[in-house]
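Report on the structure
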Amino acid sequence: MAHFGVVAPAFYSHFNALAALALELVARGHRVTYFQQADAGAHLGDSRLGFHALGAATHPPGTLAAVMRRAANPGSPLGLRRVIDDMAASTDMLCRELPAALEAQRVDFLVCDQMEAAGGLVAEALGMPFVSVACALPVNREPGIPLPVMPFAYGTDERSLRMYEGSTRVYDWMMTPHRRTIERHARGFGLAARDGLHECLSPLAQVSQTVEGYEFPRRALPAHFHHVGPFRSAARKEVVQQPLPPIAADRPFVFASLGTMQGHRLGLFLRIAKACRAAGVQLLAAHCGGLNERQARELERAGATWVCAFAPQREALARADAVISHAGVNTVLDAIEARTPILALPIAFDHPGSAARVHYAGVGVLASPRFATAGQLSRKLRHLLDEPSFKPRLDTLAGNVARAGGTRRAIDIIEAALGLDRAQPVDPLLARSA
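Residues numbered from 1 in each chain as written. Predicted model: local features only at pLDDT ≥ 70, side-chain atom pairs only at ≥ 80, totals over all residues. Heavy atoms only, no water.

1. A word on the domain arrangement of the protein
Accessible area lost when the parts come together is the quantity often used to give the size of an interface. Quick reminder of the rule: Source of the domain bounds: an automatic or database domain assignment. Note on definitions: a residue-residue contact is assigned when non-hydrogen atoms from the two residues lie within 4.5 Å. Salt bridge, as used here, is a side-chain nitrogen of Lys or Arg placed within 4 Å of a carboxyl oxygen of Asp or Glu. What qualifies as a polar contact is a pair of N or O atoms within 3.5 Å, subject to a donor-acceptor requirement within protein and to the restriction that residues adjacent in sequence count only when both atoms come from side chains.
Taken domain by domain, the protein holds domain 1 (3–229 + 404–418) and domain 2 (253–400). Placing the centre of domain 1 and that of domain 2 at their C-alpha centroids yields a distance of 27 Å. Between domain 1 and domain 2, the residue contacts involve 27 residues of the former and 22 residues of the latter. Between the two partners, domain 1 and domain 2, sit 1 salt bridge. The residue R357 makes a salt bridge to E215 at a minimum N-O spacing of 3.0 Å. If you look at where domain 1 meets domain 2, you find 9 residue pairs in polar contact (both at pLDDT 80 or more).

Shown next, in the form of structure tokens:
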């Protein structure tokens, strides 16, 4: 069978989402190898998936932690510029080192995360067929749709359209270091001129974790773009999780998580805990390892019923009456699947765009993670719990997720686009040694 290479940003959430697709490929008899800087290999933790380290000179072991800290909390405009410089440096390293590595490893096809331009650029340069995957909100651009990083509500009036267009120009200016890196390597590879992520996507197949009802109305997506819903895998080895606590049936239960990169935000968690105490609800707060034991106990004193590093998120959401989240796409989709209304506190990356879509779909409410007080959060939480209109909208979207096809449909599309016959699943022990 085929050897697939995976190219993605060195972030756990992207590696984890793509692992569901990779494991389905392995189950069908294919071989899969991730290509990234050495530290990113720790995100996998599954012997069925290969990893090939790159960037020994520019991205040696021990350097990813600082990149992650800057990305999680850029702070000032200068801090944001450093995050963009980090993106540019990663793309530059991959463009320089991937071609030789792919040829040496005899890779047949690439699965490329939309958020890393190097995958598409190198694949085109080598004449290697590739597919694009949107683990976060799709970067595909079209007039009348704000960029995923923008917090704007959807509108078709002239003012909204001008705002979308102006914000896109500002974004492109801010991304200049990354744009120039893409432009330089495209020119060096002898490819047509391009300078953005949206211009490095597959002409064969593009699959996204989103579903249409959650997205703003799209009219210009290519015919080979497919909304397939969440990438999930029963075969994925999860991090060690604390079992759900004994939840009382006489009070509402709320689950709160700020994701793997934002769990260090003690101040925000404290406001959430105080809001939940004021609202009279039980709170399970999962900080994903971002807090120490002293901070966890402080959170309990502020109003959290339970605090843990990692909870079984899908199980918690299935039991929860509401979720308080940073509006990361993975958490939002899990909440939709569980029919759990969302209090969205967008922090960074595509969180603002995701939160705007939560509001547009009518499955949750928004608040500022910086400025909302505990009292304001408490009132919004009570609105989520008491307002009956969220349920029918969640029912509709959950139906969309259930019908979207998820991981298996994504791989069906990928295999068909690459001209591979649908393979029967093989014995897991054999697949492990593939």
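And the narrative resumes.
2. Some thoughts on the nonpolar core
The condition is simple: For our purposes a nonpolar core is just a set of buried Ala, Val, Leu, Ile, Met, Phe, Trp, Tyr and Cys residues, chained together by side-chain atoms within 4.5 Å. Here the term buried applies to any residue with accessible area under 20% of the maximum for its type, exposed to any over 50%, and partly exposed to those in between, with areas from a 1.4 Å probe on protein chains only. Think of it this way: any DSSP run of H or I at least four residues long counts as a helix, any run of E at least two long counts as a strand, and we number them from the N terminus.
Y214, F255, I272, L299 and I324 are the most contacted members of the largest nonpolar core, which has 63 residues in total. Among the elements that line this core, the one with the most residues is helix α8 (residues 266–279), at 9 residues. Composition of this core by domain shows at least three residues from each of domain 1 (3–229 + 404–418) and domain 2 (253–400). Not counting residues within four places of it along the chain, the set of residues in contact with I324 comprises V254, F255, A256, S257, I272, C276, L343, L345 and L381. Membership of the second largest hydrophobic core comes to 41 residues, among which are A2, A10, A40 and V67.

3. As for the confidence of the model for the protein
Note the threshold: A residue's pLDDT is the confidence the predictor assigns to it, expressed on a 0 to 100 scale.
Residues at a pLDDT of 70 or more form 95% of the protein, whose mean pLDDT is 94. Note on residues 423–434: pLDDT under 50 across the span, and 16 contacts to partners over four residues away in sequence or across chains.

4. Thoughts on the packing of aromatic side chains
Note the cut-off: Stacked, edge-to-face and tilted labels apply to pairs of Phe, Tyr and Trp rings (six-membered ring for Trp) whose centres lie within 6.5 Å, assigned for plane angles under 30 degrees, over 60, and everything in between, in that order.
On inspection of all chains with the given rule, the structure shows 8 aromatic pairs. A centroid spacing of 4.8 Å and a plane angle of 40° characterise the contact between F15 and Y34, whose relative ring orientation is tilted. Highlighted residues: F15 in helix α1 (residues 12–27) and Y34 in strand β2 (residues 31–37), separated in sequence by 19 residues. Of the two residues, F15 and Y34, neither departs from the other in class, the shared state being buried.

5. Comments concerning unusual backbone geometry
One non-glycine residue, C288, adopts positive backbone phi at about 55°. With respect to the element layout, C288 can be found in the loop between β9 (282–286) and α9 (293–302). Unusually for a residue other than glycine, R339 sits at a positive phi of about 60°. Structurally, the position occupied by R339 is in the loop between α11 (329–338) and β12 (342–344). On the basis of relative accessible area, R339 is assigned to the partly exposed category, the value being 44%.

6. Structural notes on the pattern of salt bridges
This structure, assessed with the given rule, holds 24 salt bridges. A salt bridge links R297 to E293; the nearest nitrogen and oxygen atoms lie 1.8 Å apart. Of the two residues, R297 and E293 are both situated in helix α9; the distance of 4 residues between them amounts to about one turn of the helix. The exposed category is assigned to E293, whose relative accessible area is 54%. Within this structure, E24, R28, D412 and E415 form a network of salt bridges that share partners.

7. Section: the sheet that holds strand β5 (residues 130–134)
Put simply, the rule reads: By definition, two strands form a pair when at least two bridges between them are found by DSSP. Axis definition: a line fitted to C-alpha atoms, limited for helices to the stretch in contact. Angles are taken between N-to-C directions and run from 0 to 180 degrees.
Spatially, β3-β2-β1-β4-β5-β6-β7 is the arrangement adopted by the 7 strands of the open sheet, whose pairing is parallel. What marks the edges here is a single partner per strand, and that holds for β3 (50–54) and β7 (225–227). Averaged over all pairs of adjacent strands, the angle between strand axes in this sheet comes to 25°, irrespective of strand direction. Where strand β6 (residues 206–208) and β7 come together, 3 bridges link them in parallel fashion. Bridging across to β7, V207 finds its partner in H226. Where helix α15 (residues 406–417) meets the sheet, its contacts fall on β1 (3–7), β5, β6 and β7, and the angle it forms with β7 comes to roughly 165°.

8. Observations concerning the side chain of T176
Along the polypeptide, T176 turns up in helix α6 (residues 176–188). Given the relative accessible area of 13%, T176 is considered buried. Among the polar contacts made by the side chain of T176, one reaches the main-chain carbonyl oxygen of W173 at a distance of 2.5 Å.

9. Side note on the sheet that holds strand β8 (residues 253–257)
Across the sheet, which stays open at both edges, the 6 strands sit in the order β10-β9-β8-β11-β12-β13 with parallel pairing between neighbours. With partners counted over all chains shown, the strands left at the sheet margins are β10 (306–308) and β13 (364–366), one partner each. Each neighbouring strand pair of the sheet contributes to a mean axis angle of 15°, computed without reference to strand direction. Summarising the sheet, β12 and β13 pair through 3 bridges and their orientation is parallel. Paired with I342 across the bridge in β13 is G364. Sitting on the sheet, helix α12 (residues 351–361) touches β12 and β13, and the angle it makes with β13 is about 135°.

10. Here we look at the packing of α8 against α9
Which entries qualify depends on this criterion: Roughly parallel means an angle under 35 degrees; roughly antiparallel, over 145; roughly perpendicular, 65 to 115; everything else is oblique. Should the near helix be turned anticlockwise from the far one by less than a right angle, the crossing is left-handed, and should it be turned clockwise, the crossing is right-handed. Side-chain classes follow a simple rule in which Ala, Val, Leu, Ile, Met, Phe, Trp, Tyr, Cys and Pro form the nonpolar group, Asp, Glu, Lys and Arg form the charged group, and the remainder, Gly included, forms the polar group.
At a minimum axis distance of 8 Å, the contact between α8 and α9 shows a crossing angle of 25°. As summarised for this structure, α8 and α9 are arranged roughly parallel, according to the angle between their axes. With respect to the hand of their crossing, α8 and α9 are arranged in right-handed fashion. On α9, the residues that touch L266, F269, L270, A273, K274 and R277 of α8 are Q295, E298, L299, E300, R301 and A302. Here the contact of α8 with α9 is composed, by residue class, of 6 nonpolar, 1 polar and 5 charged.

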